[in-house]
Amino acid sequence: MPADYLPILVMVVVVVAFAAIALTLSAMTGPRRPNSAKLAPYESGMPPFGSARRRFSIKYYLTAVLFILFDIEIIFFYPWAVLFRQLELFGLIEMGIFIFVLLIGYVYVWRKGGFEWD
Amino acid sequence: MDLDPIVVTLIEALIKTIVVIIALLTAFAYLTLVERYVIAKIQSRIGPNRVGAIGGIALLQPIADAIKMIFKEDFWPAQADKIIYTIAPGIAVGTALLAWAVMPLHPSTEIFGYHIDFYIADVNIAVLYLLAIGSLGIYGIVLGGWGSNNKYSMLGALRSTAQMISYEISLGLALVGVLMLSGSLSLVDIVEKQSFIWNVVWQPLGFIIYFIAAVAEVNRLPFDLPEAETELVAGYQTEYSSLKFALFYMAEYINMLTVSAIASTMFLGGYQGPFGILPGVHWLILKIMFFIFVMMWMRGTLPRFRYDQLMGFGWKVLLPLALANIFVTAIVMVIFK
Amino acid sequence: MELIPFYFLAALGVIAALGVVMLRNPVYSALCLAVVFVSLAGLYVLLSAPFLAAAQVMIYAGAILILFVFVIMLLSPGSDPLKEELKWQRPLAVIFGVALVAQLALVIALAVLPPTRGPFTPELIAQIGSTQAVGASLFTDFLLPFEITSLLLLVAIVGVIVLAKKRQ
Amino acid sequence: MMLTVNHYIILSAILFSIGAVGVLMRRNPLIMFMSIELMLNAVNLAFVGFSRYLQSIDGQVFVFLILTVAAAEVAVGLAIIVALFRTRQTVNVDEANTLKG
C-alpha cells in the first residue's frame, strides 16, 4: 500500500533538511579569507596547468555500459528469486536460457579484452 | 484525544527518523575515534590521548573534531562549479542516511500498551530499495569530483565510480541466494525467518562475495584506490574543506555501518540471537561491530590492489562466482524440495 | 489524501523536465533528469507499483543516467553554442509543442475508457507483493518477451564493444 | 476531489510534450537523447496509470520490459555519439549532416 511508504517520505524530508542545514552552517561559520592561491586547484604545490575537464579514457565509459547491461540482469533476478519456490524446475530452465545468452556476450567481451585495464 | 491515524504515522515516523539519524551521527563520531585506536594498536603506536582522556581513552576527541570542522574556512575554488560543488556532499550523506529507513533494528514490542515497531518502514521491496539508494549515492562522488574542477578530484571520482558500479553487480547478485531461501524482499520477513538458522549456513559463498563487494563499495582498503594518497592526494575530496569535507567523511562511515547492517540482517540473522537467545538490538550492534572491526583490521594489515587487478577481480572472479552461487542454490533447491 | 503527494511529485517532475530541455549545461540537464526519474518513482509508489519504482531508480537514475554523465564528461562539450544555424527552428519547436499538448488534451477529453476491471486491485497487489505480482506474470505469460530481452542485451553488448573498440 | 487516472494521463502528456520540444529545440545530441528518455518515461507513466485503472498487471510488465529496452538503446545510442565525436570532434548534430563515415 502507498501508505507504507509514508515514513520513507518523512525521512526524505528530514534528511534533505539535515543536509541543507549542514551546508548552510558550513557556509556561515568559519573565517572567509580567500586569496588566489587558495582558490586555485590543488596540484601538490605545482602551478596548475590546463583544465581538469579534459577527456578521459574510453575504458571508464565501457565499464559503465557493461554495468548497465548487467544491472538489468540483477533486476530480472530479483522477482525470479522471490518466486523461485513456485517456479521450481521451470524457473531454473527459463533463467538458465536467459543467462546462457548473456554469458555469450560476457565471454565475447572477455575475449575482446573488455575487462582489461592497461 | 483522538488523532487521525495518518497524523499518528507521521509523528511516529518523524520521531524514529530523528532518533536513527542522531544514533548514526554519534556512531560515526565514535567510529573515527575507535578506528584511530585500532589502527594505532595494530601499528604498535599510541592513538589520540589528549582531549578529556579517561584511562587513555579520549572520549571528548570526536566533539573536539566536530567543533574544529565547523569553524574551519569553507571556500569555493575559483574554477569550481559552485552549485554542483556545494550539493555533492549533501547528496552523499543524504543517500547514506536514507538506507536506514528500511533496516529492522529490534523485534516489535508492546511498551505501556502501545505497539512499537523498531523500523522506520517495512516495505516489501526493501532489498531493492537499498540497492536503488546505494546506486544514487554514486552521484555524490561523481558530482563532487566533477564540480571541484581539479585533476585529482576528477580522476578519483572516475575511478571511484567505475569501481563502485563494477562491484555493485556482484553485490546485488550475492543477495539473490538469500532471497530464494526467504521468498521475500522485506527485511523484516528475512530476519524473522532466520530465528532458527542463520542464512550464512546455507549461503556461505554468497556471504563472502557480499562482504568483499561491500568493502569495495565503501572504498575501504584494500579497495581504496579512489583516494590512494600516494597517487591522488585525497581523490574526489581533495578540494573540500570544513563541514562539506566532514559530510563526505560522514557518508563514508555511515555507508560502512550500512553495509555491515545489511550483511548482519541478510546473512547473520539481524537482531536474532544465536539459537533464539534474547533477540534484540544489542545483537545487531554486536554483529555490526564485528564487521567494522574486520574492516579496520584489513585496513591495518592489507596492501592496496593495483587498479587493473581491482577491476579484473570484480568482473572476472566475483561476477562468475556470484552467478555460479545462484545456480548451485537453484539446483539444490530443485533437487531437495 | 493522495492528492497532496501527487501534486507535489507532479510539480517537481514538470519543473525538472523543463530544466532538462532549457538548461545550457548538460550536467545540469542530467541532474534535472535524475529528479524527474525520482519523482516518477514516487508516482509509481502512489500507483501501487513499488517494484517498478525501485527498478526505475536503479536502472534509470542509477545506471542509464550515470552513463550519460560519463559521456558528458568524456566529451566535455561545455555549453551549447548560442549561435543558431536555423533561426526558425526554436520558435517552431515551441509552436509544435503547444499544438501537441492541445491535441493530447483533446484526445484525453474525448476518450471513453473501457470499464474492464481485472483482478489486480491495489489491495491484492499489496497482499501478494508487487515484485511477486510482476514476476508471476513476467515468467509465465510474458515468457517469450523475457527470453528475447536477453538476445537484445546480447546484441547491445556486442554492438557497444564493436563501436567503442574501433581503431585502437 | 479524487485522484483519477486522468491526473496521471495529463501529467504524462505534459512530460511527453516537454520531451518532444526538447528534441526539436536543442542541438546537443546528449540533451536530445535525454529528452527522448523523458518522452519514454512519460509513456511509462501512462502505462502504469492505465494498469492501475484497468486493474491489470500487464501495464507494469510492459514498463519493466521497456526499462530493459531503454537500457540497451542508451548503451548503443551513446556509443554512436561517442564514435561520431571521435570522427568529427564535435557534438553539434547540425554538423553531422553528411552520411560519410
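Residues numbered from 1 in each chain as written. Chains lettered and ligands numbered in written order. Predicted model: local features only at pLDDT ≥ 70, side-chain atom pairs only at ≥ 80, totals over all residues. Heavy atoms only, no water.

Enquirer: Which residues make up the pattern of salt bridges, and what values go with them?
Expert: Residue and element names in this part refer to chain B. What the rule picks out here adds up to two salt bridges over all chains. Between E12 and K16 there is a salt bridge, with the nearest N and O atoms lying 3.2 Å from each other. Taken together, the residues E12 and K16, both in helix α1 (residues 5-42) and four residues apart, mark about one turn of the helix. The closest approach of N and O atoms between E35 and R299, which form a salt bridge, is 3.0 Å. (Salt bridge = Lys/Arg side-chain N within 4 Å of Asp/Glu carboxyl O. Helix = DSSP H or I, 4+ residues; strand = E, 2+ residues; numbered from the N terminus.)

Enquirer: A description of helix α6 (residues 130-138) of chain C should follow, citing residues and the corresponding values.
Expert: Judged by how many residues are buried, α6(C) sits mostly within the fold: eight of nine residues are covered. Within the span of α6(C), buried status applies to C:S130, C:T131, C:Q132, C:A133, C:V134, C:G135, C:S137 and C:L138. (Buried < 20%, exposed > 50% of the residue type's maximum accessible area, 1.4 Å probe, protein only.)

Enquirer: Report on the packing of helix α4 (residues 126-148) of chain B against helix α3 (residues 50-75) of chain C, specifying residues and quantitative values.
Expert: One can describe the packing of α4(B) onto α3(C) by two numbers: an axis separation of 8 Å at closest approach and a directional angle of 20 degrees. Taken together, the axes of α4(B) and α3(C) are roughly parallel relative to one another. At the point where α4(B) passes α3(C), the crossing takes the left-handed sense. Contacts between α4(B) and α3(C) involve B:L128, B:L131, B:A132, B:S135, B:L136, B:I138, B:Y139, B:V142 and B:W146 from the former and C:F51, C:A54, C:V57, C:M58, C:A61, C:G62, C:L65, C:I66, C:V69, C:F70 and C:M73 from the latter. When grouped by side-chain class, the residues that make up the contact of α4(B) with α3(C) number 18 nonpolar, two polar and no charged. (Axes fitted to C-alpha atoms, helices over the stretch in contact; angles between N-to-C directions. Parallel < 35°, antiparallel > 145°, perpendicular 65-115°, else oblique. Left-handed = near helix turned anticlockwise from the far one by under 90°. Contact = heavy atoms within 4.5 Å. Nonpolar A, V, L, I, M, F, W, Y, C, P; charged D, E, K, R; others polar.)

Enquirer: Any details on unusual backbone geometry? Residues and values, ideally.
Expert: Notably, C:S48 is not glycine yet its phi reads approximately 60 degrees, a positive angle. On the secondary structure map, C:S48 appears in the loop between α2 (26-46) and α3. Although it is not a glycine, D:Q55 adopts a positive phi angle of roughly 50 degrees. For D:Q55, a relative accessible area of 13% corresponds to the buried category.

Enquirer: So what about empty space enclosed by the protein? Which residues, and what values?
Expert: Applying the stated criterion across every chain yields a total of four cavities of 30 Å³ or more. In this structure, the largest cavity spans a volume of roughly 490 Å³. Elements with a contribution of two residues or more to the lining of the largest cavity: α3 (82-98), α4, α5 (151-174), α8 (204-217) and α10 (242-267) of chain B. It is α4(B) that provides the largest number of residues to the lining of the largest cavity, a total of nine residues. Residues of the lining of the largest cavity, tallied by class, amount to 20 nonpolar, seven polar and three charged. Estimates place the volume of the second largest cavity at around 50 Å³. A:F70, A:E73, A:I99, A:L102, A:L103, A:Y106, B:L319, B:P320 and B:L323 together form the lining of the second largest cavity. For the lining of the second largest cavity, the leading source of residues is helix α4 (residues 84-111) of chain A, giving four residues. A breakdown of the residues in the lining of the second largest cavity according to their chemical character gives eight nonpolar, no polar and one charged. (1 Å grid on protein atoms, 1.4 Å probe; cavity = no way out; pocket = protein on both sides within 12 Å on 5 of 7 lines; lining within 4 Å. Points joined across faces, edges and corners; volume = space filled by probe spheres on them.)

Enquirer: How would you sum up the pairing of strand β3 (residues 106-111) of chain B? Please name residues and give values.
Expert: Consecutive side chains of a regular strand alternate in pointing toward one face of the sheet and then the other. Residues and elements named next belong to chain B. By the bridge criterion, four bridges tie β3 to strand β4 (residues 114-118) in an arrangement that is antiparallel. Looking across to β4, one finds that T109 is bridged to I116. From the end of β3 to the start of β4, which pair antiparallel, there are two residues, and F112 there has a positive phi angle of about 50 degrees. (Pairing = 2+ DSSP bridges.)

Enquirer: If you had to explain the environment of B:L321 to someone new, which residues and values would you point to?
Expert: Residues and elements named next belong to chain B. By secondary structure assignment, the location of L321 is in helix α12 (residues 307-335). Between the C-alpha atoms of L321 and V200, which are 121 residues apart in sequence, the distance is 16 Å. Apart from the residues lying within four places of it in its own chain, the contact partners of L321 are L205 and I209.

Enquirer: Now, about the interface of chain C and chain A: what can you tell me, with residues and values included?
Expert: Accessible area lost during the coming together of the parts is what is often quoted as the interface size. Residue-level contacts link 45 residues of chain C with 41 residues of chain A. Together, the buried faces of chain C and chain A total about 4,000 Å²; carbon and sulfur atoms form 83% of this surface. Contact with chain A buries area across many residues of chain C, yet C:L74, C:F139 and C:I157 alone supply 16% of it, more than any other trio. At the junction of chain C and chain A, the tally comes to zero salt bridges. At the surface where chain C touches chain A, the tally comes to one residue pair in polar contact (both at pLDDT 80 or more). Of all the secondary-structure elements, those providing two or more residues to the side of chain C that touches chain A are α2, α3, α5 (122-128), α6 and α7 (143-164) of chain C. Considering only residue class, the side of chain C that touches chain A consists of 32 nonpolar, nine polar and four charged. (Buried area = accessible area lost by both parts, 1.4 Å probe. Polar contact = N/O pair within 3.5 Å; in protein donor to acceptor, adjacent residues only side chain to side chain.)

Enquirer: Break down the nonpolar core for me, with residues and values.
Expert: Within soluble globular proteins, side chains that are nonpolar tend to cluster in buried spots. Ranked by internal contacts, the top residues of the largest apolar core, which has 240 residues, are A:Y61, A:F77, A:Y78 and A:W80. A per-element tally of this core places α3(C) first, with 23 residues. Taken domain by domain, this core gets at least three of its residues from each of domain 1 (1-77) and domain 2 (127-168) of chain C. Apart from residues lying up to four places away in sequence, A:Y61 is in contact with C:L67, C:F70, C:V71, C:L74, C:A164, D:A75, D:L78, D:A79 and D:V82. Membership of the second largest hydrophobic core comes to six residues, among which are C:I108, D:V5, D:A13 and D:Y53. (Core = buried A, V, L, I, M, F, W, Y, C linked by side-chain atoms within 4.5 Å. Domains from an automatic or database assignment.)

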